[in-house]
Amino acid sequence: MKTRLVFLGPPGAGKGTYASRVSIKLGITHISAGQLLRNAVKHGTALGLKAKAYMDEGELVPNEIVVSLMKERLAQPDAAKGFILDGFPRTLGQAEALGGIVGIELVINFTAPEDIIVKRLGTRETCRKCGWIYNTITLKPKVPGVCDKCGGELYQREDEKPEVVRERFRVYNEKSKPLIDYYRDKGLLIELASEKGDEPPEAMVEKVLQALKA
Ligand code: AMP
C-alpha cells in the first residue's frame, strides 16, 4: 500500500474532505498546508502574521514560508508512518523543494464540475479547532454550527467570499495546474473525477483506497 501521498485539485475539489477520511482509514497523517497556516495565524506567530495578508487576498503565501513549515511538519514522528499532503505543493518550486525532503509514491488529482465546486465553497463550514470540513447542504453537522468530531465551533472561512474565491481559482490555474503535468511526467499521477458532486465522500474514498492498492 502506498502511504506517501499528495492530493492535488482546484479549491473545492474535495482534497481536504477526502484526505481527512483516507488518512483515518489508513492510519496515516493528514497534513493540510492551509490548516497549518491558519493555525499559525490563529496563534499569532511571526510566520502567521506574514502569511495572513496573502491568505486574506486569496494569494499564495511565499514558497520559503510554506516550505519551511512543511519541512518542519514532515520531520515530526507521526509523518514517518505515512502522510497525505493536502494543498502542498501548490507551485513547481514547492514541488521541487518537496522532492528534496521526501520521496512521494502517488499523486492524486481530484476534479469536479465547476458549478459544484463554487456551490461547495459557498456553503462550506470548517471547525475552528480541528479543521474538519462540513457543507451546509451535503455534509451537514449533526448540530448546526458544532463539529461532530470535537465539539469545536464551525465558521465560514474569510477567503470563501466570492471575490476571494475567484482569485483563488485564477491563482490555481496559473501556479498550481502545471503540477499536473509535472507529476504525470514523473509517472506518479492518477486522476479521479467526481462526476455529480452530490455523492457522499465515501464513494470517492473507496476509489482512492482501490487506487492505493493497485
Ligand atoms: P487551503 O486551505 O488549501 O484552501 O489554503 C488556504 C490558503 O492558504 C490559500 O489560498 C493560500 O493563501 C494559503 N496556502 C495554502 N497552501 C499553500 C501553499 N502550498 N503555498 C502557498 N500558499 C498556500
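Refer to the structure printed above.
Scoring rules and cut-offs
- Residue indices begin from 1 for each chain and proceed along its sequence in written order.
- Given that this is a predicted model, residues contribute local features only at a pLDDT of at least 70 and side-chain atom pairs are listed and counted only at 80 or more, while totals for whole chains, interfaces and linings are drawn from all residues.
- Excluding hydrogens and water, the side-chain figures rest on all heavy atoms present in the structure.
- In this description, a nonpolar core means a group of buried Ala, Val, Leu, Ile, Met, Phe, Trp, Tyr and Cys residues linked to one another through side-chain atoms lying within 4.5 Å.
- A 1.4 Å probe rolled over the protein chains alone gives each residue an accessible area, and that area as a share of the maximum for its type sets the label: buried under 20%, exposed over 50%, partly exposed in between.
- Helix and strand labels come from DSSP, where a helix needs a run of H or I of at least four residues and a strand needs a run of E of at least two; each type is numbered from the N terminus.
- Whether two residues touch is decided by their heavy atoms; if any such pair falls within 4.5 Å, the residues are in contact.
- Only C-alpha atoms enter the line fits that serve as axes; for helices the fit covers just the stretch in contact. Angles between N-to-C directions range over 0 to 180 degrees.
- By definition in this entry, angles of less than 35 degrees are roughly parallel, angles greater than 145 are roughly antiparallel, angles of 65 to 115 are roughly perpendicular, and the rest are oblique.
- As a working rule, the residues Ala, Val, Leu, Ile, Met, Phe, Trp, Tyr, Cys and Pro are called nonpolar, Asp, Glu, Lys and Arg charged, and the rest polar, with Gly in that last group.
- Any two strands with at least two DSSP bridges between them are considered paired.
- Take the far helix as the reference: if the near one is turned anticlockwise from it by less than a right angle, the crossing is left-handed, and if turned clockwise, right-handed.
- What a helix should span is 1.5 Å times the count of its residues minus one.
- In this description, one arc is meant: the one made by directions from the helix axis to the C-beta atoms.

S.K.: Which residues make up the nonpolar core, and what values do they have?
M.R.: Leu85, Leu98 and Tyr183 are the most contacted members of the largest nonpolar core, which has 30 residues in total. Those elements giving two or more residues to this core turn out to be strand 1 (4-8), helix 2 (33-42), helix 3 (46-57), helix 4 (63-74), strand 3 (83-86), helix 5 (92-101) and helix 8 (178-185). When residues of this core are assigned to their parent elements, the largest contribution, 6 residues, is made by helix 4. Here Leu85 is in contact with Leu5, Val6, Phe7, Ile31, Met70, Leu74, Leu98 and Ile104, once residues within four sequence places are set aside.

S.K.: Report on the packing of helix 2 against helix 4, specifying residues and quantitative values.
M.R.: In a pair of packed helices, the angle between the axes and the distance between the axes together describe the arrangement. Here helix 2 crosses helix 4 at 100°, and the two axes come no closer than 11 Å. Classified by the interaxial angle, the pair formed by helix 2 and helix 4 is roughly perpendicular. When helix 2 is examined against helix 4, the residues Ala33, Leu36 and Leu37 are found in contact with a partner set consisting of Val66, Leu69, Met70 and Arg73. Residues belonging to the contact of helix 2 with helix 4 are distributed by class as follows: 6 nonpolar, no polar and 1 charged.

S.K.: How would you summarise the sheet that holds strand 7 (residues 154-155) if you had to cite specific residues and measurements?
M.R.: Taken together, the 3 strands give an open sheet; going across it, the order is 6-5-7, and neighbouring strands pair in antiparallel fashion. On the outer flanks of this sheet lie strand 6 (133-135) and strand 7, each paired with one strand and no other. Inspection of the sheet shows strand 5 (residues 124-127) paired to strand 6 by 3 bridges, in the antiparallel sense. Bridging from a neighbouring strand, Arg124 pairs with Asn135 of strand 6.

S.K.: Give a detailed account of the packing of helix 2 against helix 3, specifying residues and quantitative values.
M.R.: Where helix 2 meets helix 3, the closest approach of the two axes is 8 Å, and the angle between their N-to-C directions is 120°. Between helix 2 and helix 3 the crossing geometry is left-handed. Residues Gly34, Leu37, Arg38, Ala40 and Val41 of helix 2 lie in contact with helix 3, whose contacting residues are Leu47, Gly48, Ala51, Lys52 and Met55. Classifying every residue of the contact of helix 2 with helix 3 gives 6 nonpolar, 2 polar and 2 charged.

S.K.: Go over helix 7 (residues 162-176), please, and point to the residues and values.
M.R.: Counted at 1.5 Å a residue, the expected span for helix 7 with its 15 residues is 21 Å, and the 20 Å between its end C-alpha atoms agrees. For helix 7, the set of buried residues is Val164, Val165, Glu167, Arg168, Phe169, Val171, Tyr172 and Ser176. The inward-facing, buried residues of helix 7 contact helix 3, strand 4 (106-111), helix 6 (114-122), strand 5 and helix 8.

S.K.: Could you give an account of the pairing of strand 3, naming the residues involved and the relevant values?
M.R.: Covered by surrounding structure in strand 3 are Phe83 and Leu85 together with Ile84 and Asp86, the residues of both alternating faces. Where strand 1 meets strand 3, 4 bridges bridge the pair, whose relative direction is parallel. Bridge pairing in strand 3 links Val6 to Leu85.

S.K.: Just give me the short version of helix 5, but keep the residues and values in it.
M.R.: Burial in helix 5 covers these residues: Gln94, Ala95 and Leu98. In a view along the axis of helix 5, the buried residues occupy a sector of 100°, so they form one face of it. In helix 5, the exposed positions that point more than 90 degrees away from the buried face belong to Glu96, Gly99 and Gly100. Buried residues along helix 5 sit against strand 1, helix 4, strand 3 and helix 8.

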